[in-house]
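# A structural walkthrough
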Amino acid sequence: MNSPAQIMNEDFSLPVSSRLAFRFSRHIRERIIEFILLLAASIAVLTTLAIVVILVYESLPFFQHVSLKDFLTDTQWTPLFDDAHYGIMPLVAGTLVTTGVALSVAIPLGTIIAIYLSEFASHKVRETVKPFLELLGAVPTIVFGYFALVFVTPLLQSTILPNLPGFNMLSAGLVMGVMIIPYVSSLSEDAMHAVPMHMREASYAMGATRFQTAFRVVTPAAFSGIAAAYILGISRAMGETMVVAVAAGMQANMTWNPMEPAETMTAYIVQVSLGDLPHGSIGYQTIFAVGLTLILMTLVFNIMGFLLTRRFRERY
Amino acid sequence: MAANNEQHIQEIRALIKKHKIWDKVFAIVGLLAMLVGVTTLIVLFANLAIDGAPRLLSWDFYTSFPSRRASSAGILSAWVGTTLVMLVTAISAVPIGVAAGIYLEEYAPKNWMTAIIEINVTNLAGVPSIVYGLLALGLFVYQFGLGQSILAAGLTLALLILPVVIVATREAIRSIPQAIREAAYAVGSTRWQVVHDHVLPYSTGGILTGVIIGLSRAIGETAPIITIGALTFIAFLPDSPFKGEFPYISFDWIMAPFTVMPIQMFSWTSRPEEEFQFNAAAAGLVLLGMTLLMNALAIYLRYRIRRNIKW
């Protein structure tokens, strides 16, 4: 007669304690796997370090050649000409103008869409519209650049701005604005979604309408999240390359007028990279200096945004 | 007194009714705002379709090299280049991204090192793509000596989409109930056995969705590839990976110069002749088609996973 206890005894003749005893081979295998996974995760840190090191290391020769004062105050950027000037201001102005135009489109529209989707739209509308907005964010930027150059600029020329040049910052900025709407709207909507329901209910109980609840209760309560969405939008717009490279022109131009052609920092990097670029040449050094400036500007905006959101953070 | 109260309620009702007009107004404004986005998408697509259709529908367009004559120029070297670069990107980004996601979700202790890694993943997602191009130019092209090759481009895009893959992996893993892990530990599994036999199989769908979204972003990236010095005019194909004689597989293509779809489109867009714009539009359509197809696949996968989950 075989009782279950006997089967157990036959199959596992070892005492319980040594079966579960610490096994070195198994332990070492686990350790090795954990170490490999840690290595993979630390690539994120290494990438950040490498970005900083490479940008600083490759632009050091440039700053030995050009003084920081010239770099920041000269209003001409002609590093590849015989009469070379190394003032970053024209490129910074181009970046700020296109970013400004883009934000004046993306922030109002993105916020309105977020408020509408979160507080007004029915479930069905929300589920239908969101994939479309996501697609808008998925279209390759070079396609948006083509659209700005071949469709938006001629459209503006034939309707309200007949004197608009073929390359201009306005149409590049407008298209870029539509492009970053989904970034602003989806993050803002998430922030509004996180506002507890009882705050809305309290507002309705006082006789407030949807509009009043959305603008005086939900939006202020979600402000830190909405501000984070704006910061992401600014970073996107400043770092965007192909739209401005195609539609805004590749000629550094010290101007604050969006209806003129100008070059942004990113477009300059593309312009130089398109040509022959020997390692260590002055062109090679300048793109790293410009890249360093770009990332420092993004960093400043992000820190400002972080301080701002911390100041306005609501705790429920 | 009662009449006075009644009058008050009437006044309040009238007030709310007056305010409710704004609800309607804003509902219309909201719809209009969304219409701007959706209309742009439709007009963009229509504009590309009208300009690009004739070239898109001719077979030669896919089997010809770029040329000085717009009507005989094609995207052969571009789509081959894009395929090979995406191959390198997927092979390098997926294992590293998934491993990093597993570490952060299943292994990482709560300490300062983990916090630093997490902050870095978040920050990297916000770094402009052209900066990755500069990193790759300095590091891959010159320090590692990879040159302007398919390998350098693939690794650049892999770094670019790494945060996307990591975040998708973590979300997929996080949605698995703790009870499953506890059950596995209870019968004596080690941590890796839990991950390998339970966590990974259940999260494959979610990870795959993230990988596809990441690759669809990489396929349209132009700036970082231009920065590492990819050429715009390539009239030859990289060495074939398959050989007639032993060892049948060759990796020479990995160091070959190349061009990709978005660069080909950019180079045609910047030509002054109008016929080249039609080529650019057709290339844009192909690119857009690839991106939309990948996104649709990801949306479909996400939908199926949500429907099939049974816990």
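Shown above is the structure to which this text applies.
Residues numbered from 1 in each chain as written. Chains lettered and ligands numbered in written order. Predicted model: local features only at pLDDT ≥ 70, side-chain atom pairs only at ≥ 80, totals over all residues. Heavy atoms only, no water.

Let us now look at the overall build of chain A. Summing up its helical and strand segments, chain A has 14 helices and 0 strands in all. The helix and strand sequence of chain A, counted from the amino end, reads α-α-α-α-α-α-α-α-α-α-α-α-α-α. For 316 residues, the compact-globule estimate of 2.2 N^0.38 gives 20 Å, and chain A exceeds it by more than 25% at 28 Å. Taken along the three principal axes of its C-alpha coordinates, chain A extends 100 × 65 × 40 Å. Across the 316 residues that make up chain A, the buried fraction comes to 48%. Across chain A, every contact between residues at least 6 apart in sequence was considered, and the portion connecting residues at least 24 apart equals 70%. (Helix = DSSP H or I, 4+ residues; strand = E, 2+ residues; numbered from the N terminus. Rg over C-alpha atoms; globule rule 2.2 N^0.38 Å. Buried < 20%, exposed > 50% of the residue type's maximum accessible area, 1.4 Å probe, protein only. Contact = heavy atoms within 4.5 Å.)

Attention now goes to the packing of aromatic side chains. According to the stated counting rule, one finds 17 aromatic pairs over all chains in the structure shown. Relative to Phe26(B), the ring of Phe120(A) has its centre 4.9 Å away and its plane inclined at 45 degrees; by these criteria the two rings are tilted. With one member in each of two chains, Phe120(A) in helix H5 (residues 89-120) and Phe26(B) in helix H1 (residues 2-56) form a pair that bridges those chains. With a relative accessible area of 5%, Phe26(B) lands in the buried category. Across the ring face of Phe276(B), the terminal group of Arg271(B) is positioned such that the distance to the ring centre comes to 4.2 Å. (Phe/Tyr/Trp six-rings, centres within 6.5 Å; stacked < 30°, edge-to-face > 60°. Lys NZ or Arg CZ within 6 Å of the ring centre and 35° of its normal.)

It is worth spelling out a nonpolar patch on the surface at this point. All names here are of chain A. A cluster of nonpolar side chains, Leu296, Leu299, Ile303, Phe306 and Leu307, forms an exposed patch at the surface whose accessible area comes to about 490 Å². Within the secondary structure, Ile303 is located in helix H14 (residues 282-312). The class of Ile303 is partly exposed, set by a relative accessible area of 47%. (Patch = residues over 30% accessible without salt bridge, like charges linked within 9 Å, V, L, I, M, F, W, Y side chains within 5 Å. Areas by Shrake-Rupley, 256 points an atom, 1.4 Å probe, with all protein chains shown as cover. Salt bridge = Lys/Arg side-chain N within 4 Å of Asp/Glu carboxyl O.)

Summed over all chains, the structure comprises 8 salt bridges over all chains. The partner of Arg31(A) in a salt bridge is Glu34(A), with the nearest N and O atoms 3.9 Å apart. In this pair, Arg31(A) and Glu34(A) both sit in helix H3 (residues 24-65), 3 residues apart, roughly one turn of the helix. On the basis of relative accessible area, Arg31(A) is assigned to the partly exposed category, the value being 48%. Since its relative accessible area comes to 22%, Glu34(A) is described here as partly exposed. As a salt-bridge pair, Glu118(B) and Arg170(B) come within 3.1 Å of each other at their nearest N and O atoms. Of this pair, Glu118(B) sits in helix H4 (residues 112-124) while Arg170(B) sits in helix H6 (residues 150-174); the two residues are 52 residues apart in sequence, bridging distant segments of the chain. Taking relative accessible area as the criterion, Glu118(B) reaches 30% and is therefore assigned partly exposed.

So, on to the side chain of Thr99(A). Residue and element names in this part refer to chain A. When you line up the elements, Thr99 lands in helix H5. The buried category is assigned to Thr99, whose relative accessible area is 4%. Setting aside its immediate chain neighbours within four residues, Thr99 contacts Met176, Ile234, Ala237 and Met238.

Turning to the environment of Asn163(A), a few remarks are in order. Residues and elements named next belong to chain A. Inspection of the secondary structure puts Asn163 in the loop between helix H7 (141-158) and helix H8 (169-193). We classify Asn163 as exposed; its relative accessible area is 75%. Note: C-alpha distance between Asn163 and Met259 (96 residues apart in sequence) is 8.9 Å.

Facing the 73 residues of chain A at the interface are 77 residues of chain B. Roughly 6700 Å² of surface becomes buried between chain A and chain B when both sides are summed, with 80% attributable to carbon and sulfur atoms. Of all residues in chain A, the largest losses of buried area upon contact with chain B belong to Leu37(A), Tyr116(A) and Tyr146(A), amounting jointly to 10% of the total for that side. Scanning the region where chain A abuts chain B turns up 0 salt bridges. (Buried area = accessible area lost by both parts, 1.4 Å probe.)

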